[in-house]
Amino acid sequence: MVQIFHYTDPSPTNVELAEHKASTYRWTPRETAILRAVYAYRALTTPQIDTLLFPATRGRTSTEPSSRCRHRMKLLAAEEYIYRREQPQLLSEGRKHYVYFLAPRGAAKLAGLDGLFPEQLDWRNGEYDVGWPFLDHLLATNDVRIAITVAAHVRGLTLSVWHDDRTLKRHHAKETVVLTGPQGGTQRATVIPDGYFVLEDGPYRRHHFLEVDRRTETGAATTWGRRDWVRKVAAYMEYHYSGKYLARYRTRSMRVLTVTTGEKRLANLKAITEKVGGRSRFWFTTFDRMTPDTALTKPIWNVAGRSERSSILDDSRS
């Protein structure tokens with residue numbers, strides 16, 4: 001029998017409750033897939049889970065999550081495998097979808113399926129207790145990740161690696177680079193992207209960093225060295241030129257994909273990138289352009305140093 005709870009000193013009440021729920025709730029591979037997704041992405045909305053795990057039935061045109069998805073999420077929340085949280089909303093926006101997080105019982109279940117203890121997971125209880133700006137950014141990042149994941153699956157490609165920002169912070173925290181300012185001053189910087197992934201297409205292995213821009217970062221500050229887009233581009237370029245990127249990822253191939261809020265912001269970031277010397281390694285698109293149907297195969301990407309748009313799979317120049 002799978003151990004549902006794992007505490008240092010579980011009370012009889014908790015044990016009895018766990019056994020009761022285990023006997024009355026029919027577990028299926030779909031529930032396992034949902035738990036794994038919520039664990040991997042850290043926070044997911046109902047539409048995101050629907051896109052990732054419940055392919056639309058033939059002829060379905062609604063953009064709302066399927067009834068199957070909503071039903072499964074309701075059951076998992078009621079059985080306390082996942083925790084759900086409401087999103088902040090204005091009255092004019094209508095009711096937004098819940099955001100789901102892995103709950104302690106879900107972590108115990110997932111760990112048990114893999115022969116682990118919950119403490120061995122890259123997870124902590126209370127991950128739902130974060131500020132909205134952070135959560136909003138995470139959900140936006142997950143939108144992009146899901147679009148790429150589904151697009152790769154449909155195309156028969158292998159998404160062999162995906163590291164999120166939490167993993168990248170652990171990897172990159174001590175890999176500082178030295179930036180030199182226009183007046184000769186120096187400053188240390190680290191590269192902490194929102195994501196890193198490797199896409200395998202036959203003999204090609206494309207390595208990408210991901211930046212999700214919610215227009216909260218200054219494009220070009222008046223004072224050198226501030227945390228603006230100029231500094232970020234310079235840090236990426238130095239990380240590559242210094243050899244630290246090659247040492248960690250064993251390749252010279254590197255793209256920096258940036259998904260931003262709109263065409264005006266995109267044009268501004270692209271122009272700044274070109275001005276400070278960034279070229280074909282820096283790619284830009286918008287959230288509106290980025291969907292599972294377009295992410296990999298359509299020319300939705302504006303590339304620094306080029307006038308025409310490109311698609312990820314049809315371009316091998318970087």
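Values in this document were obtained by computation on a predicted structure and should not be read as measured data.

Novice: Just checking my understanding: could you explain the overall build of the chain for this structure?
Specialist: A count of helices and strands for the chain gives 10 helices and 12 strands. Split into buried and exposed, the 318 residues of the chain put 46% on the buried side. Sequence separation of at least 24 residues holds for 62% of the intrachain contacts in the chain that already meet a minimum separation of 6. Accessible surface for the chain amounts to roughly 16,900 Å². Of this, 50% is attributable to carbon and sulfur atoms.

Novice: So what exactly am I meant to see when it comes to the packing of helix 3 (residues 46-53) against helix 4 (residues 67-78) here?
Specialist: Helix-helix packing is characterised by the crossing angle of the two axes and by the distance between the axes. Running from amino to carboxyl end, helix 3 crosses helix 4 at an angle of 120°, the nearest separation of the two axes being 10 Å. The handedness of the crossing between helix 3 and helix 4 is right-handed. Residues T46, I49 and D50 of helix 3 lie in contact with helix 4, whose contacting residues are C69, R70 and M73. When grouped by side-chain class, the residues that make up the contact of helix 3 with helix 4 number three nonpolar, one polar and two charged.

Novice: How should I be thinking about the pattern of salt bridges in this particular structure?
Specialist: Any two side chains of opposite charge can pair, on the condition that their charged atoms come close. Scanning all chains against the criterion turns up 17 salt bridges. Residues joined by salt bridges that share partners form a network here, namely D122, E127, R166 and R170.

Novice: For this particular structure, what's the right way to read the sheet that holds strand 12 (residues 309-310)?
Specialist: Pairing between sheet strands relies on hydrogen bonds along the backbone, with the strands arranged either parallel or antiparallel. Sheet architecture is open: seven strands sit in the order 4-7-8-9-10-11-12, paired in mixed fashion. What marks the edges here is a single partner per strand, and that holds for strand 4 (158-164) and strand 12. Here strand 8 (residues 204-212) runs beside strand 9 (residues 255-260); their pairing, made up of five bridges, is parallel. Residue pairing in the sheet places E211 in a bridge with T258 of strand 9.

Novice: Would you mind going over the sheet that holds strand 1 (residues 44-45) with me for this structure?
Specialist: Strand order in the open sheet formed by three strands is 1-3-2, and the pairing between neighbours is antiparallel. With one partner strand each, in any of the chains shown, strand 1 and strand 2 (82-85) form the two edges of the open sheet. Bridge count for strand 2 against strand 3 (residues 99-102) is four bridges, and the pairing is antiparallel. Following the sheet pairing, R84 is matched in strand 3 by Y100.

Novice: Hey, could you run me through the nonpolar core in this one?
Specialist: The nonpolar side chains of a soluble globular protein tend to be buried with one another. Ranked by size, the top nonpolar core spans 26 residues in total, and within it I34 and I49 carry the most contacts. If you list the elements that add at least two residues to this core, you get helix 2 (29-41), helix 3, helix 4, strand 3, helix 5 (104-113) and helix 6 (132-155). No other element matches the five residues that helix 2 contributes to this core. Those residues in contact with I49 that lie beyond four places of it in its chain are I34, V38, L44, F54, C69, M73 and Y100. One finds L179, A189, F209 and F284 within the second-largest nonpolar core, a separate group that totals 24 residues.

Novice: Sorry if this is basic, but what is going on with helix 2 here?
Specialist: What sets the pattern is the α-helix's 3.6 residues per turn: residues three or four places apart point alike. Between its first and last C-alpha atoms helix 2 spans 18 Å; for 13 residues at 1.5 Å apiece the expected length is 18 Å, and the two agree. Taken as a whole, helix 2 has its buried residues at E31, T32, I34, L35, A37, V38 and Y41.

Novice: So what exactly am I meant to see when it comes to the packing of aromatic side chains here?
Specialist: How two aromatic rings sit relative to each other is set out by the distance from centre to centre and by the angle between their planes. Scanning the entire structure with this criterion turns up 15 aromatic pairs. On the basis of an interplanar angle of 75° and a centroid distance of 6.1 Å, the ring pair of Y239 and Y245 is categorised as edge-to-face. Assigned by exposure class, Y239 and Y245 land together as buried. Through a chain of ring-to-ring contacts, the aromatic side chains of Y196, F209, Y236, Y239, Y245, Y249 and F282 assemble into a single cluster.

Novice: Help me understand the pairing of strand 9 in this model?
Specialist: On a regular strand, one side chain projects to one face of the sheet and the next to the other, so that they alternate. Buried residues dominate strand 9, accounting for six of its six residues. Burial along strand 9 is two-sided: the face carrying R255, L257 and V259 and the face carrying V256, T258 and T260 are both buried. Where strand 9 lies against strand 10 (residues 282-286), five bridges are found, and the strand directions are parallel. When the bridges of strand 10 are listed, T258 appears paired with F284. Crossover connection from strand 9 via helix 10 (residues 263-275) to parallel strand 10: handedness right-handed.

Novice: What's the story with the environment of H171 in this structure? I'm lost.
Specialist: Within the fold, H171 resides in helix 7 (residues 165-172). Assessed through its relative accessible area of 28%, H171 is described here as partly exposed.

Novice: How should I be thinking about helix 5 in this particular structure?
Specialist: Counting buried positions along helix 5 gives seven out of 10 residues, so the element sits mostly inside the fold. All of the buried residues along helix 5 are R105, G106, A107, A108, K109, L110 and A111. Downstream of helix 5 by a residue or two, G115 has a phi angle that is positive, lying close to 70°.

Novice: Would you mind going over the side chain of N302 with me for this structure?
Specialist: Mapping N302 onto the fold places it in strand 11 (residues 301-303). Relative accessible area serves as the criterion here: at 13%, N302 is assigned to the buried category. In terms of polar contacts, N302 uses its side chain to reach the side chain of R289, at 2.7 Å. For N302, the contacting residues outside a window of four places in its chain are L266, K270, F282, W283, F284, R289 and R309.

Definitions and cut-offs
Residues numbered from 1 in each chain as written. Predicted model: local features only at pLDDT ≥ 70, side-chain atom pairs only at ≥ 80, totals over all residues. Heavy atoms only, no water. Helix = DSSP H or I, 4+ residues; strand = E, 2+ residues; numbered from the N terminus. Buried < 20%, exposed > 50% of the residue type's maximum accessible area, 1.4 Å probe, protein only. Contact = heavy atoms within 4.5 Å. Areas by Shrake-Rupley, 256 points an atom, 1.4 Å probe, with all protein chains shown as cover. Axes fitted to C-alpha atoms, helices over the stretch in contact; angles between N-to-C directions. Left-handed = near helix turned anticlockwise from the far one by under 90°. Nonpolar A, V, L, I, M, F, W, Y, C, P; charged D, E, K, R; others polar. Salt bridge = Lys/Arg side-chain N within 4 Å of Asp/Glu carboxyl O. Pairing = 2+ DSSP bridges. Core = buried A, V, L, I, M, F, W, Y, C linked by side-chain atoms within 4.5 Å. Expected span 1.5 Å × (residues − 1). Phe/Tyr/Trp six-rings, centres within 6.5 Å; stacked < 30°, edge-to-face > 60°. Right-handed = clockwise from strand over helix to strand, strands pointing away. Polar contact = N/O pair within 3.5 Å; in protein donor to acceptor, adjacent residues only side chain to side chain.

Everything listed here is a matter of coordinates, which is why it stays silent on function.
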